[in-house]
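What the coordinates show
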Amino acid sequence: MSSAQYSSHSFPIPTPSPASTPIVRHIGFADLTDALRKGWDDFQAIPTHAVLLALIYPVLGLVLARLVLGYSVLPLLFPLAAGFALFGPFAALGLYELSRRREAGEQPTAWDAFDVLRSPSIGAMLALGGILMVLFAVWVATAQAIYVATFGYEPAARISDFIGVVFSTERGWKLIMLGCGIGLLFALVALCISVVAFPLMLDRHASAPEAMLVSFKVVMQNPVTMIAWGLIVAALLVLGSLPFFLGLAVVVPVLGHATWHLYRKALEPAVMPYHTPPRARRPRRYAAEFPASLFFWGRRDR
């Protein structure tokens, strides 16, 4: 048999997959502070882009507050605001892309954040984002059930009256304890399935089950550190929500960038890192081609 015939029937040489199961590292509190510092550096390097991406949070927060006050469901204002932490990892996809590009030595622009939509794992990201949205909806329904169980169907009239009743009565303290306790469980579930899931899918285009499993392993291997990270995220989101949610325009991008760097610290580097394919260059159009260039059969590049 000739060498050409042999090569045509030879077995393919296996190559390592970038989506192979990564190795989880042990991380400590110093890694959390360093991730936050790098997240702040990213925010300072591209502040206008990050703020533009995060402006939706204060806008949604203000709209949310108005809807809650208008429909006399004031007790759900805090659960809805706290629920930002549940699907925040999904909403920060564009921020991960900016940090990834800056880490690679590029100078990202606002449009680079939308390159995440061209990722091979965009379907998996949407699937996990849907899971987080369902988790958020269940949390809001649970919070409503807790309020009804403690206060009945009596509506809250004003913010000052509601705060006074919550912090000065036995029923109010029961509501606080039940709400915070059960809310902590929801936050723990979200942390376990998504702490590094979205950066992993973006970086190595892993599937949603693989990304959730790796996130769970990171939490299980670093329980104290990950709980501390969850508390840091919750505390910063609360601080960002206090001045009419406007602080979230800074807190959210910083946490999004920091999450990317936390992912880098929690997992060993990929053997074959993923590179975003370049955008297709658009051909130049000339005024003389109008209006034929509006139709595909009249274009020179079809």
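Residues numbered from 1 in each chain as written. Predicted model: local features only at pLDDT ≥ 70, side-chain atom pairs only at ≥ 80, totals over all residues. Heavy atoms only, no water.

A few words on the pattern of salt bridges. Under the definition given, this model contains 14 salt bridges. When the shortest N-O distance is used, the salt bridge between Asp 42 and Arg 102 registers 2.4 Å. Note that Asp 42 is positioned in helix 2 (residues 29–45) and Arg 102 in helix 7 (residues 93–103), a separation of 60 residues in sequence. The residue Arg 118 makes a salt bridge to Asp 115 at a minimum N-O spacing of 3.4 Å. Since its relative accessible area comes to 32%, Arg 118 is described here as partly exposed. (Salt bridge = Lys/Arg side-chain N within 4 Å of Asp/Glu carboxyl O. Helix = DSSP H or I, 4+ residues; strand = E, 2+ residues; numbered from the N terminus. Buried < 20%, exposed > 50% of the residue type's maximum accessible area, 1.4 Å probe, protein only.)

Let's shift gears to helix 10 (residues 170–194). Helix length check: helix 10, at 25 residues, gives a terminal C-alpha distance of 36 Å against a target of 36 Å (1.5 Å per residue), a fit within 8%. Buried residues of helix 10: Gly 172, Leu 175, Gly 179, Gly 183, Phe 186, Ala 190, Leu 191, Cys 192, Ile 193 and Ser 194, and no others. (Expected span 1.5 Å × (residues − 1).)

So, about the environment of Gly 256. Within the secondary structure layout, Gly 256 lies in helix 14 (residues 248–266). You can call Gly 256 buried: its relative accessible area is 3%. Distance in space between the C-alpha atoms of Gly 256 and Leu 98 is 9.8 Å, their sequence separation being 158 residues. Residue contacts for Gly 256: discarding those within four places in its chain leaves Ala 92, Leu 95 and Tyr 96. (Contact = heavy atoms within 4.5 Å.)

Moving on, we get to the nonpolar core. Core analysis: the biggest nonpolar cluster contains 61 residues, and Val 195, Phe 198, Val 218, Met 226, Trp 229 and Leu 262 have the highest contact counts within it. Ignoring sequence-local partners within four residues, the contact set of Trp 229 consists of Leu 32, Leu 36, Leu 191, Val 195, Leu 255, Ala 258, Thr 259 and Leu 262. Formed by six residues, the second largest nonpolar core is a distinct cluster that contains Tyr 147, Phe 151, Phe 162 and Val 166. (Core = buried A, V, L, I, M, F, W, Y, C linked by side-chain atoms within 4.5 Å.)

At a closest axis distance of 9 Å, the pairing of helix 11 (residues 197–204) and helix 14 adopts a crossing angle of 75°. The angle between helix 11 and helix 14 falls in the class roughly perpendicular. Here Pro 199, Leu 200, Leu 202, Asp 203 and Arg 204 of helix 11 come into contact with helix 14, specifically with Thr 259, Trp 260, Tyr 263 and Arg 264. Here the residues of the contact of helix 11 with helix 14 are counted per class, giving five nonpolar, one polar and three charged. (Axes fitted to C-alpha atoms, helices over the stretch in contact; angles between N-to-C directions. Parallel < 35°, antiparallel > 145°, perpendicular 65-115°, else oblique. Nonpolar A, V, L, I, M, F, W, Y, C, P; charged D, E, K, R; others polar.)

Time to look at the packing of aromatic side chains. This model, assessed by the stated rule, comprises seven aromatic pairs. Measuring from ring centre to ring centre gives 5.6 Å for Trp 139 and Phe 186, while their planes differ by 55°; the resulting arrangement is tilted. Highlighted residues: Trp 139 in helix 8 (residues 122–151) and Phe 186 in helix 10, separated in sequence by 47 residues. Taking the relative accessible area as the measure of exposure, Phe 186 reaches 13% and is therefore buried. Taking the centre distance of 5.3 Å and the plane angle of 15° together, the rings of Tyr 147 and Phe 151 count as stacked. On the criterion of helical spacing, the pair formed by Tyr 147 and Phe 151 is a turn pair, its members being four residues apart in helix 8. Taken as a pair, Tyr 147 and Phe 151 share a single burial class, namely buried. (Phe/Tyr/Trp six-rings, centres within 6.5 Å; stacked < 30°, edge-to-face > 60°.)

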